[in-house]
Amino acid sequence: MKVKDGIIGLLIGDTLGVPVEFDSRELLEENPVTGMKGGGGYGKPAGTWSDDTSMTIATMDSIVNKKAIDYDNIMENFCKWYKKETYWQTPRFDIGITTRLALDNYLDGIPALECGLDGELDNGNGSLMRILPLAYIPDINYETIENVSALTHAHKRSKIACVLYVEIAKSMIENEDLSIDEHIKLACDKIKDYYADSEELKHFQRIFDDDLNDIDSISSKGYVIFTFESVIYCLKNTDNYKDAVLKAVNLGEDTDTTAAICGGLAGIYYGYDEIPIDWISTVDQIDRVLSLCEKFEAFCDES
Ligand SMILES: [Mg+2]
C-alpha cells in the first residue's frame, strides 16, 4: 500500500485541470492540455491545486491528528480552508455551491452530520472528489463512507458514488493482479448487492453495463454520475497514468475534478513512479503533501 500513489495521482490530475476548468471539449480538441501549465481563468502558476486536493488533504490531516474519523474535526478543517486559512497552498479560489452551503450550515452551529444537502440537485461531484483517503483505511464500512460524503453531499446518489469509488480504489490497492475492468466489475457487484433495494441504483446503470465507450455519450460536467462515467471512460481507454489524466482534462468542462477523481484511481493502478516527475516537481508544497501521505499511511498501518 502506498498512499502517495492515489493522493499524488489525484493532486496532479487536479493541478493539470485547473488552468482549463470549464473550457469546452471543442476548445480543448483544438488546443489540448499536454502537461503542467499556468494561467487560464484563475491566472494561477503551473502546479496550483484547487478544492479537490485541499479538501482531500484536509480530511487526511484531520484523520492523522485525531487518529480517527472525527466528523466535527473534518468539518473544522474544511472551514479553515473555506475561510482562506490555506490547505495548504494558495488561498482558496474555488468552491462548489453545495459545499459552501454545507460549510455555512456548520459555521451556523448545525451538527456535522446534518450539514450536507440532500436534494436531487445537490448531486455534484463535491464529495466524490475528496473521498479517496477512506479507501486506505482498513475495514472502513459503508456507513462511515456515506457519513463523510454527507458532511456536504447527503443525497443517497452521492453517497453511493463515494462507496463505489472507494470500493474500486480498495480493490486496486488490495489486488495488484487484476485488470481495470475486473476491479470495476468487482466493485459494481458489491454495490449492486448491498444497495439492491435502492431506487438510486438505476442512475449507475451505464457503469454497471459497461456502456461507456462512445465519447459523444460522455458528459464531463459536474453532476456526480457524469463525472463517474467520464472517469471510467478515461481509465478504460488508456493504458498509463499520464494518458488517463490528460484524457480526463481534455474532456473539458469540470476538468480539474474529472482529472482528480480519475488520477486517484490511475495513480493507485499504475503507481507513483508512473506519474511524471517533472509534473510532481512543479507543485509548490509537494513535500508537505508527501509527508502527510507518510503519516496517513502510518495511521492506516496501525489501525
Ligand atoms: Mg477544483
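Structure's up top.
Given the structure is predicted, the values throughout are model-derived calculations rather than measurements.

## Remarks on the environment of Met-75
So, point 1. If you trace the backbone, Met-75 turns up in helix 4 (residues 71-82).
So, point 2. Taking the relative accessible area as the measure of exposure, Met-75 reaches 0% and is therefore buried.
So, point 3. Linking Met-75 and Ala-112, residues 37 residues apart in sequence, is a C-alpha distance of 6.8 Å.
So, point 4. Once residues lying within four places of it in the same chain are set aside, the contact partners of Met-75 are Ala-102, Leu-103, Tyr-106, Ala-112, Cys-115 and Leu-151.

## Structural notes on the coordination of the magnesium ion
So, point 1. Around the magnesium ion, the protein contributes the donor atoms Ser-50 (OG), Asp-51 (OD), Asp-52 (OD) and Asp-256 (OD), at 1.9 to 2.4 Å from the metal centre.
So, point 2. Spacing between the donor residues of the magnesium ion along their common chain follows S-D-D-x203-D. Across the pair, exposure class does not vary: Ser-50 and Asp-51 are buried alike.

## Description of the packing of helix 7 (residues 156-174) against helix 12 (residues 255-270)
So, point 1. The geometry of helix 7 relative to helix 12 is characterised by a closest axis approach of 8 Å and an angle of 20 degrees between their N-to-C directions. Put simply, helix 7 runs roughly parallel to helix 12. Considering only the axes of helix 7 and helix 12, their crossing is left-handed. For the pair helix 7 and helix 12, the contacting residues are Tyr-165, Ile-168, Ala-169, Met-172 and Ile-173 in the first and Ala-260, Ile-261, Gly-264, Leu-265, Ile-268 and Tyr-269 in the second.
So, point 2. Here the residues of the contact of helix 7 with helix 12 sort into 10 nonpolar, 1 polar and no charged.

## Some words on helix 6 (residues 142-150)
So, point 1. Most of helix 6 sits out of view: 8 of its 9 residues are buried.
So, point 2. Listed in full, the buried residues belonging to helix 6 are Tyr-142, Thr-144, Ile-145, Glu-146, Asn-147, Val-148, Ser-149 and Ala-150.
So, point 3. Structurally, helix 6 contributes buried residues whose contacts are with helix 4, helix 7 and helix 8 (180-194).
So, point 4. The opening residue of helix 6, the one whose side-chain oxygen lies 3.1 Å from the backbone nitrogen of Glu-143, is Asn-141.

## Section: the packing of helix 8 against helix 10 (residues 224-236)
So, point 1. Interaxial distance between helix 8 and helix 10 falls to 10 Å at its minimum, and their mutual angle equals 150 degrees. One way to sum up the angle between helix 8 and helix 10 is to call them roughly antiparallel. Note that helix 8 runs across helix 10; the crossing there is left-handed. Here Ile-180, Asp-181 and Ile-184 of helix 8 come into contact with helix 10, specifically with Ile-232, Leu-235 and Lys-236.
So, point 2. For the contact of helix 8 with helix 10, the class distribution of residues is 4 nonpolar, no polar and 2 charged.

## Structural notes on the packing of aromatic side chains
So, point 1. Counted according to the given criterion, the structure contains 10 aromatic pairs.
So, point 2. Here the aromatic rings of Phe-204 and Phe-208 are separated by 6.3 Å at their centres, their planes lie at 25 degrees, and the arrangement is stacked. For the pair Phe-204 and Phe-208, a shared accessibility class is recorded, and that class is buried.
So, point 3. On the basis of an interplanar angle of 85 degrees and a centroid distance of 5.0 Å, the ring pair of Tyr-223 and Phe-226 is categorised as edge-to-face.
So, point 4. Three or more aromatic residues link up through ring pairs in this structure, and these residues are Tyr-142, Tyr-194 and Tyr-195.
So, point 5. Positioned above the aromatic ring of Trp-88, the side-chain terminus of Arg-288 is 4.4 Å from the ring centre.

Reading the values: the criteria
- Residues numbered from 1 in each chain as written.
- Predicted model: local features only at pLDDT ≥ 70, side-chain atom pairs only at ≥ 80, totals over all residues.
- Heavy atoms only, no water.
- Helix = DSSP H or I, 4+ residues; strand = E, 2+ residues; numbered from the N terminus.
- Buried < 20%, exposed > 50% of the residue type's maximum accessible area, 1.4 Å probe, protein only.
- Contact = heavy atoms within 4.5 Å.
- Donors = N, O, S within 2.8 Å, 3.2 Å for Na, K, Ca; no water.
- Axes fitted to C-alpha atoms, helices over the stretch in contact; angles between N-to-C directions.
- Parallel < 35°, antiparallel > 145°, perpendicular 65-115°, else oblique.
- Left-handed = near helix turned anticlockwise from the far one by under 90°.
- Nonpolar A, V, L, I, M, F, W, Y, C, P; charged D, E, K, R; others polar.
- Polar contact = N/O pair within 3.5 Å; in protein donor to acceptor, adjacent residues only side chain to side chain.
- Phe/Tyr/Trp six-rings, centres within 6.5 Å; stacked < 30°, edge-to-face > 60°.
- Lys NZ or Arg CZ within 6 Å of the ring centre and 35° of its normal.

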